[in-house]
Amino acid sequence: MSRVENYINDELKKHKKLCFALLDSENHGDIASVAKKVEMLGASAILVGGSSAIDQLDLDKLVLSIKSAISIPVILFPGNVTGVSPNADAILFTSLLNSEDPYFISGAQALGALLVKKYKIEPLPTGYIIIGENTTAWFIGRAKGIPFEKSNIAVMYSLAAQYLGMRFVYLEAGSGAKRNVSTEMISDVRKYFDGLLIVGGGIRDSEIAKQLVNAGADIIVIGTLLETDPDWEKKFVEIISAIRS
Ligand SMILES: CC(C)=CCC/C(C)=C/CC/C(C)=C/CC/C(C)=C/COP(=O)(O)OP(=O)(O)O
Ligand SMILES: O=P(O)(O)OC[C@@H](O)CO
Ligand SMILES: [Mg+2]
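Residues numbered from 1 in each chain as written. Chains lettered and ligands numbered in written order. Predicted model: local features only at pLDDT ≥ 70, side-chain atom pairs only at ≥ 80, totals over all residues. Heavy atoms only, no water.

**Considerations on the site of ligand 1**
Near ligand 1 there are 21 residues, and of these D24, G50, S51, T136 and S175 occur at the shortest range. Between an oxygen atom of ligand 1 and a side-chain N or O atom of S175, the distance comes to 3.4 Å. Counting only elements with at least two residues in the shell around ligand 1, the list comes to β4 (90–96), α4 (102–118) and α5 (136–140). Of the residues that constitute the shell around ligand 1, the class distribution is 10 nonpolar, 10 polar and 1 charged. (Near = heavy atom within 4 Å. Polar contact = N/O pair within 3.5 Å; in protein donor to acceptor, adjacent residues only side chain to side chain. Helix = DSSP H or I, 4+ residues; strand = E, 2+ residues; numbered from the N terminus. Nonpolar A, V, L, I, M, F, W, Y, C, P; charged D, E, K, R; others polar.)

**A few points about the site of ligand 2**
Inspection of the region around ligand 2 gives 14 residues, with E172, S175, G176, G202 and T224 positioned closest. Taking G201, its main chain carries an N or O atom lying 3.0 Å from an oxygen atom of ligand 2. Contact distances for ligand 2 include 2.8 Å between an oxygen atom and a backbone N or O atom of G223. Across the complex, the protein chains shield 96% of the 310 Å² of accessible surface that ligand 2 would expose by itself. Among the secondary structure elements, those contributing two or more residues to the shell around ligand 2 are β6 (168–172) and β8 (219–222). (Areas by Shrake-Rupley, 256 points an atom, 1.4 Å probe, with all protein chains shown as cover.)

**A few points about the UniProt feature "binding site: sn-glycerol 1-phosphate" (unreviewed entry) in the protein chain**
In the numbering used here, UniProt assigns the feature "binding site: sn-glycerol 1-phosphate" (unreviewed entry) to Y170, L171, E172, A173, G174, S175, G176, G201, G202, G223 and T224. With respect to the helices and strands, E172 occurs in strand β6. Residue E172 is classed as buried on the basis of its relative accessible area, which comes to 5%. With residues up to four places along the chain from it excluded, the contact list for E172 reads F77, Y128, I129, I130, I131, V181, G200 and G201. Inspection of the secondary structure assignment puts S175 in the loop between β6 and α7 (183–192). Leave out the neighbours within four places in its chain, and S175 touches T135 and T224. (UniProt positions renumbered as here; feature names shortened; annotations may be inferred. Buried < 20%, exposed > 50% of the residue type's maximum accessible area, 1.4 Å probe, protein only. Contact = heavy atoms within 4.5 Å.)

**A look at the side chain of N180**
Following the sequence through the fold, N180 ends up in the loop between β6 and α7. Classification of N180 by relative accessible area gives buried; the value is 17%. Beyond its immediate chain neighbours, meaning those up to four positions away, N180 contacts F148, A173, G201, G202, I203, I208 and L212.

**Brief notes about the pattern of salt bridges**
Following the criterion strictly, the structure yields 11 salt bridges and no others. Across the pair K14 and E11 runs a salt bridge whose closest N-O atoms are separated by 3.3 Å. With K14 and E11 both in helix α1 (residues 3–15) and 3 residues apart, the pair spans about one turn of that helix. Measuring nitrogen to oxygen at the nearest pair gives 2.8 Å for the salt bridge that ties R190 to D218. Of this pair, R190 sits in helix α7 while D218 sits in the loop between α8 (206–215) and β8; the two residues are 28 residues apart in sequence, bridging distant segments of the chain. Of the residues examined, R190 reaches a relative accessible area of 23% and is grouped as partly exposed. One connected set of salt bridges, linked through shared partners, spans R3, K67 and D89. (Salt bridge = Lys/Arg side-chain N within 4 Å of Asp/Glu carboxyl O.)

Written out as structure tokens, the structure reads:
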């Protein structure tokens, strides 16, 4: 049951650094065709989810239509139990470690766990850590956002995630964030955290993307760029080639 995790590790051996595309079920018209394009352009996986995605029937349809269009894995990125859908390949089984609400640390996970088992979705144990404030995930997840310049706090949470057995840490500035997680924070976390380091939120250009992977991110996540920039295909290709160079 670690097909997707093995695939991610194989991709990392091949390319050193990876890019996942986040397709928010609420923000795309023809999501399958966007998924097909990002696969062609070099994304290693598609994340599907959103902070406020609550329509499970819509989500199921969406996952099926994406899966019929592509061959890279479709990984759920749930904002709640409603983000669990039967036909996905895997799920970022996140705990929002710096939430002030136990629901987002272990409550939603308890409610979702048996569904993940029933649907045979591969869980990827992920410490989800929100940096900064005022984004949707920060608000919904009742996060005590870590200040961007407080790397030491992110290090503490990341190492705690590792000691709790989580093989992934996701440093999240929030979708559409005005600023991305800093290179200083990433390199400080990298010195301590041994697992796969995912970084996302506010990444829009190839130079920044390159800096973040050089600092130690294994995987970067791109979402809003694909929704808002008419020139996104060109920029997405530039990002992929920058992180692999
Ligand atoms: C493991 C299970 C079943 C649930 C986990 C539930 C947790 C921990 C949720 C964390 C808090 C949260 C609301 C996360 C959302 C992460 C996410 C899918 C972000 C995608 O971007 P959006 O926040 O939807 O961006 P916009 O709405 O701004 O487009
Ligand atoms: O939408 P953007 O800002 O690219 O962020 C992606 C992801 O980290 C959000 O969960
Ligand atoms: Mg959303």
